[in-house]
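So you can see what is in the structure, the chains are spelled out below.
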Amino acid sequence: MKFSFRRLTDNATLKALGPGLITGAADDDPSGIATYSQAGAQFGFNTLWTLVLTYPFMVGIQLVSARIGRVTGRGLAANIRRAYSPWLLYVIVLLLLVANVINIAADIAAMGEAMRLVTGAGSAHLYALGFGLVCLGLQVFLPYGTYVRYLKWLTLGLLAYVATAFAVNMPWTEVLARTVWPHFTFNKDSVGLIVAVFGTTISPYLFFWQASQEVEELRADRAARALRIGAKDAGAQLNRIKTDTLFGMGFSNVVAYFIMLTTAVTLGAHGITNIQTSAQAAEALRPVAGEFAFLLFALGIIGTGLLAVPVLAGSAAYAVTESFRWRNGLDLKVVEAREFYAIIALATIGGILLDFAPVDPIKALVLSAQINGVIAVPIMTVMMMLAHNNKIMGQFTLSTRHTVIGWFGVAIMLVAVVAMFMTM
């Protein structure tokens, strides 16, 4: 049978995986890779448990986000605007925009440095500029259906980190034992890194993105309706969202687990513990784990960056345009949603320019993580309240089980933020 890219991308199973898969994969962006690499290099197998712990809470809060989008037919910011003071929304969106631009800058810089390492020549800044413009062009010029298909395929780039773990010698028995029963000492450094892992794994831009992508899916299907308006296929849609989110967040955490695992058994085992960027982790792997492991790790940085940067810019654009009731959507042409695409361009170009500014990228990334951690708690709280609001959700308010998981997630992030301030 002749291979057909279109036939493969139109496969029913792949079609069922959409917003949740892309959202989960985008969570393992280059700046996230740096955090997971640092955890593995510094603490070995003893931080693997964090990714097991965060999984149910990550699933819980992303299910709430997706449910709000599909039930109401509106994005997260639009729903917050309907239910609460606009000033609360403006403050949240402003902080989200700042954090996203800094994150974009860090991710583009990491992609540029990774390409320089792979090629062994050229300027990391020029590579970063090229990657930034490619990410911008994908969102502006590709039709939504084609764009989403490419994003789905870019998620496969993350499998490079799973392959890397199998390219080195791994004591699997010890790995499983330490995952369940870590030898861990709580101190300033370890608490700070745990907070960083939590903040990287549960990020506000993911909430806005997945809710808005559910709205995009509605727009892409002319026969579809927001569940609150037309609930004929409500059960099927909610099950699809559940499957999509469970798989997407599971994929995200498995990849993060293998990044942490690989750096633990290579860098950490050889005393290389001072890892601050994903490119540093890739470069440090070369003499320790060999050329093949280095190449897989570095190419993974580029692949996940191409996925994450559009998600960061897009989530900011959705949040801002929904706040001011401007037209938005990747299904619209530039002339139909000028403000939406202008914000995508400004966020992406702002990130590129930040890479050329005399700003310490590590300090900027720490600031971004701190902002994300701080605003995650009120956003998650508001999301939980929206999901219980009959005027917003109609008959599709949260079940008791989802409520418990969601509020536990809020509590986990609150503890993480308090711990962050105590260890600063």
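Residues numbered from 1 in each chain as written. Predicted model: local features only at pLDDT ≥ 70, side-chain atom pairs only at ≥ 80, totals over all residues. Heavy atoms only, no water.

Within an unreviewed UniProt entry, the label attached to the chain reads Divalent metal cation transporter, and the organism entered is Massilia agilis. Per UniProt, the chain carries the Subcellular location (unreviewed entry) text "Membrane". (UniProt positions renumbered as here; feature names shortened; annotations may be inferred.)

Q: Please set out the overall build of the chain residue by residue, giving values where relevant.
A: Looking only at helices and strands, one finds 20 helices and zero strands in the chain. A globule of 424 residues ought to have a C-alpha radius of gyration of about 22 Å, and the chain, at 20 Å, matches this closely. In terms of its C-alpha atoms, the chain occupies a principal-axis envelope of roughly 60 × 55 × 45 Å. Looking at the chain as a whole, 57% of its 424 residues qualify as buried. In the chain, 82% of the contacts between residues at least 6 apart in sequence involve partners at least 24 apart. Carbon and sulfur atoms provide 65% of the accessible area of the chain, an area that totals close to 17,500 Å². Counting 29 positive and 22 negative side-chain charges, the chain places the centres of these two groups 11 Å from one another. (Helix = DSSP H or I, 4+ residues; strand = E, 2+ residues; numbered from the N terminus. Rg over C-alpha atoms; globule rule 2.2 N^0.38 Å. Buried < 20%, exposed > 50% of the residue type's maximum accessible area, 1.4 Å probe, protein only. Contact = heavy atoms within 4.5 Å. Areas by Shrake-Rupley, 256 points an atom, 1.4 Å probe, with all protein chains shown as cover. Lys, Arg positive; Asp, Glu negative; His and termini not counted. Charge placed at Lys NZ, Arg CZ, Asp CG, Glu CD.)

Q: Lay out the side chain of Ser212 in plain terms, naming residues and giving numbers.
A: Mapped onto the elements of the fold, Ser212 is located in helix H13 (residues 204-220). Beyond its immediate chain neighbours, meaning those up to four positions away, Ser212 contacts Gly75, Tyr318 and Glu322.

Q: With reference to specific residues and values, describe the pattern of salt bridges.
A: Applying the stated criterion to the full structure yields five salt bridges. Residues Arg178 and Glu174 are paired through a salt bridge, measuring 3.4 Å at the closest nitrogen-oxygen approach. Note that Arg178 and Glu174 are positioned in helix H11 (residues 172-180) at a spacing of four residues, about one turn of the helix. Here Glu174 falls in the partly exposed class, since its relative accessible area comes to 35%. Between Glu214 and Arg240 there is a salt bridge, with the nearest N and O atoms lying 2.7 Å from each other. Linking Glu214 in helix H13 with Arg240 in helix H14 (residues 234-265), this pair joins segments that are 26 residues apart in sequence. Residue class for Glu214 comes out buried when judged on its relative accessible area of 0%. Overlapping salt bridges, with partners in common, bring together Arg70, Glu214 and Arg240 in one network. (Salt bridge = Lys/Arg side-chain N within 4 Å of Asp/Glu carboxyl O.)

Q: Let's hear about the environment of Ile412: which residues, and what values?
A: Locating Ile412 in the fold gives a position in helix H20 (residues 400-423). As a C-alpha pair, Ile412 and Val195 span 217 residues in sequence and 9.8 Å in three-dimensional space.

Q: Describe helix H5 (residues 49-72), listing the residues and the values that go with them.
A: Along its 24 residues, H5 runs 36 Å from first to last C-alpha, staying within 8% of the 34 Å computed at 1.5 Å per residue. Considering bend angle alone, the principal kink of H5 is centred on Tyr55 and spans about 30°; proline Pro56 follows within four residues of it. Counting buried positions along H5 yields 20 of 24 residues, so the element is predominantly enclosed. Count one or two residues on from H5 and you reach Gly73, which has phi positive near 75°. (Expected span 1.5 Å × (residues − 1). Bend = angle between axes of the 7 residues up to and from the residue.)

Q: Got a sec to walk through a nonpolar patch on the surface? Specific residues and values, please.
A: A contiguous nonpolar surface patch, about 380 Å² in accessible area, is contributed by Leu126, Leu129, Leu133 and Phe356. By residue number, the principal contributor to the nonpolar patch is helix H8 (residues 124-141), which donates three residues. Within the secondary structure, Leu126 sits in helix H8. (Patch = residues over 30% accessible without salt bridge, like charges linked within 9 Å, V, L, I, M, F, W, Y side chains within 5 Å.)

Q: Go over the environment of Thr164, please, and point to the residues and values.
A: Take Thr164: it is sitting in helix H10 (residues 159-166). On the accessibility criterion, Thr164 (0% relative accessible area) is buried. Along the sequence, Thr164 and Ile259 sit 95 residues apart, while their C-alpha atoms lie 8.4 Å from each other. Dropping the residues within four chain positions of it, Thr164 is found in contact with Thr262, Ala293, Leu296 and Phe297.

Q: Explain the environment of Ala25 to me, and be specific about the residues and the numbers.
A: Mapped onto the elements, Ala25 comes out in helix H3 (residues 19-26). Considering only alpha carbons, one finds Ala25 and Ser252, 227 residues apart in sequence, at a separation of 5.3 Å. Among all residues touching Ala25, those that are not within four sequence positions of it are Thr155, Leu158, Phe251, Thr304 and Leu307.

Q: Kindly report on the nonpolar core, identifying the contributing residues and their values.
A: Counting 133 residues, the largest nonpolar core has Leu76 and Phe297 as the members making the most contacts within it. A total of 16 residues in this core trace back to one element, the largest contributor, which is helix H16 (residues 291-323). Residue contacts for Leu76: discarding those within four places in its chain leaves Ile68, Phe207, Phe208, Ala211, Glu322, Ile379, Met383 and Leu386. (Core = buried A, V, L, I, M, F, W, Y, C linked by side-chain atoms within 4.5 Å.)

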